[in-house]
Amino acid sequence: MTPLLEVRNLKKYFRVRAGLLHAVDDVSFTLDKGKTLGVVGESGCGKTTLGRTVLHLTEPTDGQIFFEGKDITSPTKNELRRLREDMQIIFQDPYSSLNPRMSVSETIMEPLILRGDMTKTEMFAEVRKLMDTVGIASRFENAYPHELDGGRRQRIGIARALALEPKFIVCDEPVSALDVSIQAQIINLMLDLQEERGLTYLFITHDLSVVKYISDDIMVMYLGQVVEKAPADELFANTLHPYSQALLSAIPIPSIRHKQERILLRGEITSPVNPEPGCRFMARCQYAAEECKQPQKLEESSPGHYVLCCRYKEINNL
Amino acid sequence: MKRQRKKSRLSEIWRQLKKNKLAVVALFVLILLVLVAILAPLLAPYPYSQQNPKLSNAGPSAQHLLGNDKLGRDILSRLIYGTRQSLAMGVVSVAIAAVIGITIGAIAGYYGGWVDNLSMRLLDIYQAVPMFLLSVSLAAIMGPSLRNAIIALGIGTVPGYARIMRASVLTVREKEYIEAAKAINAGDGRIILKHVIPNAIGPMIVQITMGVGSCILAGSALSFIGLGAQPPVPEWGAMISEARNVMREHPTHALYPGICVMISVLACNLLGDGLRDALDPRLKN
């Protein structure tokens, strides 16, 4: 079976005053239909840029993207139009992702108007249906975003993304701006939608407890590179990369008896502008050695588990 | 229901504006001026061009409350009719400037890059010539008439509007709903018209209100030097100009239209100030 989405050696560099900013550097992954790939990493590690590049909201610098087996790296205008009906995005901040001058129904209807294959009545009916699907009462139809709370706004964002019946959705930290109780509601909604519609998610987040709950595979990013990639359970059971270990140790454990051993990272995140060829995590890694200055290669430690660290065997006593 | 919402946004602005008494007074003065302009033929006791040589430079009387000018025309009637010309100068020229400015500013701000650089550098050159000098030259080239003066003023004041719009668009452009619109296949034209301009137009309202005042003033100045309204059509600036020769003997002839200009410009500026405060969400409580 061809995967729904395949990304090969994707690179996105931004030209800044000081040089080239490596936002996404040589990222590859495949994503099967109906699955969720969680992308975790701290702010500025390029996870958002990765999502936007896949959707062609920014153009990739290098690499290839395949959707349903078709190369979509540099689509024509028409191809991009059709592609965007299949690929949508849900944004992080429900306060800035909705146009404050457009009512709820106008916002949800806009993608339908732009696709232009429905009559006005059909569109209104479709909007009602979408509102029902994401759980917004129809009395909010004419409300404006500022009158709604964060959870409802995020539901509108989801309804807008669903309007074109996409196959693949990039979820760019869809819950990190919400209250914890509302986070759970939204995540459950997204899981239900995935089940009903067979959606495929690229789920970007920095919240590890969320990613464990929702993902089939997890990809840990650091400074534009994938440092570890594995099925979710495997990653949590056998964390190999020192950065992932530090990251996972930061998940709070809800138990008073359990003494948590946290790995505290020292130092600042290295600049992503013109990085050195060696391991990018070296400056903060407690296991750093001379060999880490060499360019690193992604190695498969066990089937499906990849790690970008030349010393992972020594560190983990394998 | 939708209309109700729109109304509630207006009533919110009105609630904020009410706190500023000066702005409310200014608003009523402006409404009054507009009414005077519309109802001029009903309000004015005499036609503006009716001459009466016997009453040349006559002082105030029961028939002619503010007296008569050199040609014996009723000054009050001329002031009332002059409201039309002066307000037209202010409103129409600002409308021209705002439409062109919003277009340039929105395009420059939205596309950024070389489009932005090119248009802003052109505006730099444009602004290097003083606005009034530019308007005078344009009006002189096109020939003296009220219409040409309005066009000249409109063209002369474009850069201010374009710059404010551009700055405001720059902040709106970064919002995620712009990216969301791109993701659902909205074209640039639709994004600019439906998403960018409605959200970026706020700061323009203040600029437009104040702009009306300064264009009334500049329009009077153009008329004063003979490039605006042509006789016998009354215009405040032109009336001051005509009164120039008899200024020593009859200073009131120049004073009355001067007061009219002052009141209308002041009202525009005070309302603009009030609106700026009312529209600023940081001042809400």
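Presented here is an overview of the structure given in this document. None of these values were measured; they are calculated from a predicted model.

Reading the values: the criteria
- Residues numbered from 1 in each chain as written.
- Chains lettered and ligands numbered in written order.
- Predicted model: local features only at pLDDT ≥ 70, side-chain atom pairs only at ≥ 80, totals over all residues.
- Heavy atoms only, no water.
- Contact = heavy atoms within 4.5 Å.
- Buried area = accessible area lost by both parts, 1.4 Å probe.
- Salt bridge = Lys/Arg side-chain N within 4 Å of Asp/Glu carboxyl O.
- Polar contact = N/O pair within 3.5 Å; in protein donor to acceptor, adjacent residues only side chain to side chain.
- Helix = DSSP H or I, 4+ residues; strand = E, 2+ residues; numbered from the N terminus.
- Nonpolar A, V, L, I, M, F, W, Y, C, P; charged D, E, K, R; others polar.
- Pairing = 2+ DSSP bridges.
- Axes fitted to C-alpha atoms, helices over the stretch in contact; angles between N-to-C directions.
- Phe/Tyr/Trp six-rings, centres within 6.5 Å; stacked < 30°, edge-to-face > 60°.
- Buried < 20%, exposed > 50% of the residue type's maximum accessible area, 1.4 Å probe, protein only.
- Lys NZ or Arg CZ within 6 Å of the ring centre and 35° of its normal.

Here we come to the interface of chain A and chain B. If you look at the interface, chain A gives 29 residues, while chain B gives 20 residues. Taking both partners together, chain A and chain B bury about 2,400 Å²; carbon and sulfur atoms supply 51% of that area. With a closest N to O distance of 2.4 Å, B:E179 and A:R52 form a salt bridge. Applying the counting rule to chain A against chain B returns 13 residue pairs in polar contact (both at pLDDT 80 or more). Contributing elements (two or more residues each) for the side of chain A that touches chain B: α2 (77-86), β6 (87-90) and α3 (104-115) of chain A. Ranked by residue count, the leading element in the side of chain A that touches chain B is α3(A), at five residues. Broken down by class, the residue content of the side of chain A that touches chain B amounts to 13 nonpolar, six polar and 10 charged.

With that out of the way, let us pick up the sheet that holds strand β4 (residues 62-67) of chain A. Residue and element names in this part refer to chain A. Taken together, four strands build an open sheet; the order of strands is β2-β1-β4-β5 and the sheet is antiparallel. Strands with a single pairing partner mark the edges of an open sheet, and in this sheet they are β2 (19-31) and β5 (70-71). Lying on the sheet, helix α1 (residues 47-54) is in contact with β1 (5-16), β2 and β4; it crosses β1 at an angle near 115°.

With that settled, consider the pairing of β1(A). Residues and elements named next belong to chain A. Of the pairings in the sheet, the one linking β1 to β2 comprises nine bridges and is antiparallel in character. Across the sheet, the residue bridging to V16 is G19, located in β2. Linking β1 to β2, which pair antiparallel, is a turn of two residues. Where β1 and β4 come together, five bridges link them in antiparallel fashion. Of the residues in β4, the one forming a bridge with L5 is F67.

For B:A183, the position within the fold is in helix α9 (residues 176-183). Other than its neighbours up to four places away in sequence, B:A183 contacts A:L57, A:R84, A:Q88 and A:I89.

Here the focus is the packing of aromatic side chains. Counted by the stated rule, this structure contains five aromatic pairs over all chains. Centroid distance A:Y222 to A:F281: 5.1 Å. Interplanar angle 80°. Geometry classified as edge-to-face. Of the two residues, A:Y222 is situated in strand β9 (residues 217-222) and A:F281 in the loop between α9 (242-248) and β11 (299-302); the sequence distance between them amounts to 59 residues. Of the residues examined, A:Y222 reaches a relative accessible area of 1% and is grouped as buried. On the basis of relative accessible area, A:F281 is assigned to the buried category, the value being 2%. Pairing B:Y48 with B:Y81 gives two aromatic rings, centres 4.9 Å apart and planes at 65°, and the pair type is edge-to-face. Note that B:Y48 is positioned in the loop between α3 (40-43) and α4 (75-111) and B:Y81 in helix α4, a separation of 33 residues in sequence. Aromatic ring contacts, followed pair by pair, group A:Y222, A:Y243 and A:F281 into a single cluster. The ring of A:F236 has A:K212 sitting right over it, with the charged end atom 4.8 Å from the ring centre. Here the basic side chain of A:K229 rests over the ring of A:Y306, its NZ or CZ set 5.1 Å away from the ring centre.

As a further point, take the sheet that holds strand β3 (residues 36-40) of chain A. Residue and element names in this part refer to chain A. The eight strands are arranged β6-β7-β8-β3-β9-β10-β12-β11 in an open sheet whose pairing can be described as mixed. Edge positions in the sheet fall to β6 and β11, since each has one partner strand and no second. Sheet twist, expressed as the mean angle between neighbouring strand axes with direction ignored, is 20°. Taken together, the six bridges between β9 and strand β10 (residues 225-231) define a ladder with antiparallel strand orientation. Across the sheet, residue D217 finds its bridge partner in β10, namely P231. Of the strands in this sheet, β3, β6, β7 (168-172), β8 (200-205) and β9 touch α1, which is tilted by about 150° from β8. Sheet strands touched by helix α5 (residues 150-162): β6 and β7. Its angle to β6, the strand with the most contacts, is close to 175°.

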